[in-house]
Amino acid sequence: MTPIRARIGVLGLALAAGLATPASATAAPVTAATAPAPTVEERRLDGDAPREILRRSGFASAAPAFARGLGRADSYRAARRLVAREGSALWRRAVDRVQGRGPARGDLSRDDDRPLYWARLGMTRELRTWEPGFGLSERQRAGLLDELERTSRGQRDIRLPQHGTGSGGGGKGVKRVLLTGFDPFTLDRDIRISNPSGAVALALDGTVIDTPDGPARVETAVFPVRWQDFAEGAVERALRPYLPKADLFTTVSQGRVGKFDVERTNGAWRGGFPDNGNVSRTETVPVADPASQPQWTTTTLPYEAITAADTGRFPVLDNTAVTEIPAGGTEPVVRPDGPTPGSTAREGGGGNYLSNEIAYRATLLRDRLGLHGTLPGGHVHTPVLQFGPDNADPATGAVTDPAFVRNRLDIVAQTRAILAVAVSASGRDRS
């Protein structure tokens, strides 16, 4: 999920931030003339591939059912309750499908992350263009959309266990792991694309991993590929309540072909590659208290143990490279062994797109909470999720194939194994 990797044609991914000033509470109700139009992301729903993915997963009914519920809402309060309930239900439905609970309701592979993405967009489109009879201010609509985003991404469903609470994955000695993934992206290149980090999040949410250091309970959430959401503090708002309770965290995104990367260093720079709304941002990563903002943050994951372990078929690399403007310089320089003192960030190990930014924000939040020396955390890039060689053309290719499914399952399984190594190595380090 880095612009360099995207520019060469790879179809893969990759503190308290200041919140945007809310709209005035006295904003006028939205009328038919001013009702918002669907976003760039939402308009992609009209493509053949999204419709097929929704139909073949059983998720095509989600948006129409949600629209019927909105039609019955007779007040903002009722709409708020509906949105929270249906957003959470969509997340649980996606997790259950991936983890094998209940009927598949379609022939699409259960490990697929794309039904959640497209179904959520169908629901946000219904909500964005909804014109209730009771009138809805711009601020109220924004609040409903925010609630739908947060609940349908699992951000309100994080249940890290308390130590010493007994059974159900919450007993003494159970490690608590927080993991994040991303939506699909670069959809204008290939609208069929999946994001293995999102698949990892759905596959591991609420599961317990056995490690040599004991069991680890994993809780997950998914984030959008949109610059503005990050600038408005979506990452910090979601993670702040849970980092002090976690024993380990990792942000995950899709990166390079054929390999995992543990990113050693994250940079405070946005490189401008377009997001899912076709918006570009080239600037310093916007956070609260910019006067104390560092140019670089570092991983505290046990990268030596992770890269030395046999976790699966893909190699796992300790990625130390960055791009910086050296102190006193004016031009970017690639540093294979990390930044030099006083330099200005231009790319972290994971580039300068939103995968680097979520890693930067999460590790900066860790540091600002005073947890640098006690909380292992950082970023892992997965391999690019590729279609089979006979199905690579987005113009003519199928939405899935056996190699595509096998690659995704292998990436998910290896990420689970990497987590097991990280939890075990971190436990040894703290003992």
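Residues numbered from 1 in each chain as written. Predicted model: local features only at pLDDT ≥ 70, side-chain atom pairs only at ≥ 80, totals over all residues. Heavy atoms only, no water.

Q: In this structure, what is going on with the sheet that holds strand β12 (residues 333-335)? I would like to understand it.
A: Within a sheet, each strand pairs with its neighbour through backbone hydrogen bonds, oriented either parallel or antiparallel. Spatial ordering of the open sheet is given by β12-β11-β13, a layout of 3 strands whose pairing is antiparallel. The outermost strands of the open sheet, each flanked by one partner alone, are β12 and β13 (344-347). Taking the axes of each pair of neighbouring strands and ignoring which way they run, one obtains an average angle of 40° across the sheet. Where strand β11 (residues 322-325) and β13 come together, 3 bridges link them in antiparallel fashion. Across the sheet, Glu 324 pairs through a bridge with Ala 345, a residue of β13. (Pairing = 2+ DSSP bridges. Helix = DSSP H or I, 4+ residues; strand = E, 2+ residues; numbered from the N terminus. Axes fitted to C-alpha atoms, helices over the stretch in contact; angles between N-to-C directions.)

Q: Explain the confidence of the model for the chain here, please?
A: When pLDDT drops low, the exact placement of atoms in the prediction is not to be read closely. Summary statistics for the chain give a mean pLDDT of 91 and a share of 89% for residues scoring 70 or more. A low-confidence stretch, residues 4-33 (pLDDT under 50), is modelled with 98 contacts involving residues beyond four sequence positions or located in other chains. For residues 164-171, every residue scores under 50 in pLDDT, and the model assigns this stretch 15 contacts once sequence neighbours within four places are set aside. (pLDDT = per-residue confidence, 0-100. Contact = heavy atoms within 4.5 Å.)

Q: I tried to follow the packing of aromatic side chains on my own but got confused; where do I start?
A: The geometry of an aromatic ring pair is captured by two quantities: the separation of the ring centres and the angle between the planes. Enumeration according to the criterion identifies 9 aromatic pairs in this entry. When the centroid spacing of 5.7 Å and the interplanar angle of 75° are considered together, the rings of Trp 130 and Phe 134 count as edge-to-face. The exposure class assigned to Trp 130 is buried, which follows from its relative accessible area of 11%. According to the relative accessible area criterion, Phe 134 is partly exposed, its value standing at 31%. Between Phe 260 and Phe 314, the aromatic rings sit 6.2 Å apart at their centres with planes inclined by 65°, giving edge-to-face as the arrangement. (Phe/Tyr/Trp six-rings, centres within 6.5 Å; stacked < 30°, edge-to-face > 60°. Buried < 20%, exposed > 50% of the residue type's maximum accessible area, 1.4 Å probe, protein only.)

Q: Before we go on, may I ask you to explain the pattern of salt bridges in this structure?
A: It is possible for side chains of opposite charge to pair when their charged atoms get near one another. Summed over the entire model, instances satisfying the criterion amount to 36 salt bridges. Arg 156 is paired through a salt bridge with Glu 147; the nearest N and O atoms lie 3.0 Å apart. By relative accessible area, which is 36% here, Arg 156 ends up partly exposed. A salt bridge links Arg 361 to Glu 236, with the shortest nitrogen-to-oxygen separation between them at 2.9 Å. Linking Arg 361 in helix α12 (residues 354-368) with Glu 236 in helix α10 (residues 234-239), this pair joins segments that are 125 residues apart in sequence. Residue Glu 236 is classed as buried on the basis of its relative accessible area, which comes to 1%. Among the ionic contacts, a cluster of salt bridges with common partners joins Glu 41, Arg 120, Glu 149, Arg 153, Asp 183, Arg 226 and Asp 229. (Salt bridge = Lys/Arg side-chain N within 4 Å of Asp/Glu carboxyl O.)

Q: Explain the packing of helix α4 (residues 62-72) against helix α5 (residues 76-98) here, please?
A: The description of two packed helices rests on the angle between their axes and on the distance between the axes. At a minimum axis distance of 11 Å, the contact between α4 and α5 shows a crossing angle of 165°. With respect to each other, α4 and α5 are oriented roughly antiparallel. Note on packing geometry: the crossing formed by α4 with α5 is right-handed. On α5, the residues that touch Ala 62, Phe 66, Gly 69 and Leu 70 of α4 are Leu 82, Val 83, Glu 86, Leu 90 and Arg 93. (Parallel < 35°, antiparallel > 145°, perpendicular 65-115°, else oblique. Left-handed = near helix turned anticlockwise from the far one by under 90°.)

Q: Can you walk me through unusual backbone geometry in this structure?
A: The phi torsion of most residues other than glycine is negative, and most of the peptide bonds are trans. Backbone geometry at Asn 278 places phi at a positive 60°, although glycine is not the residue there. Position of Asn 278 among the secondary structure elements: in the loop between β7 (269-271) and β8 (282-284). Phi at Asp 289 takes a positive value of approximately 50°, unusual for a residue other than glycine. Here Asp 289 is to be found in the loop between β8 and β9 (296-298). Relative accessible area serves as the criterion here: at 47%, Asp 289 is assigned to the partly exposed category.

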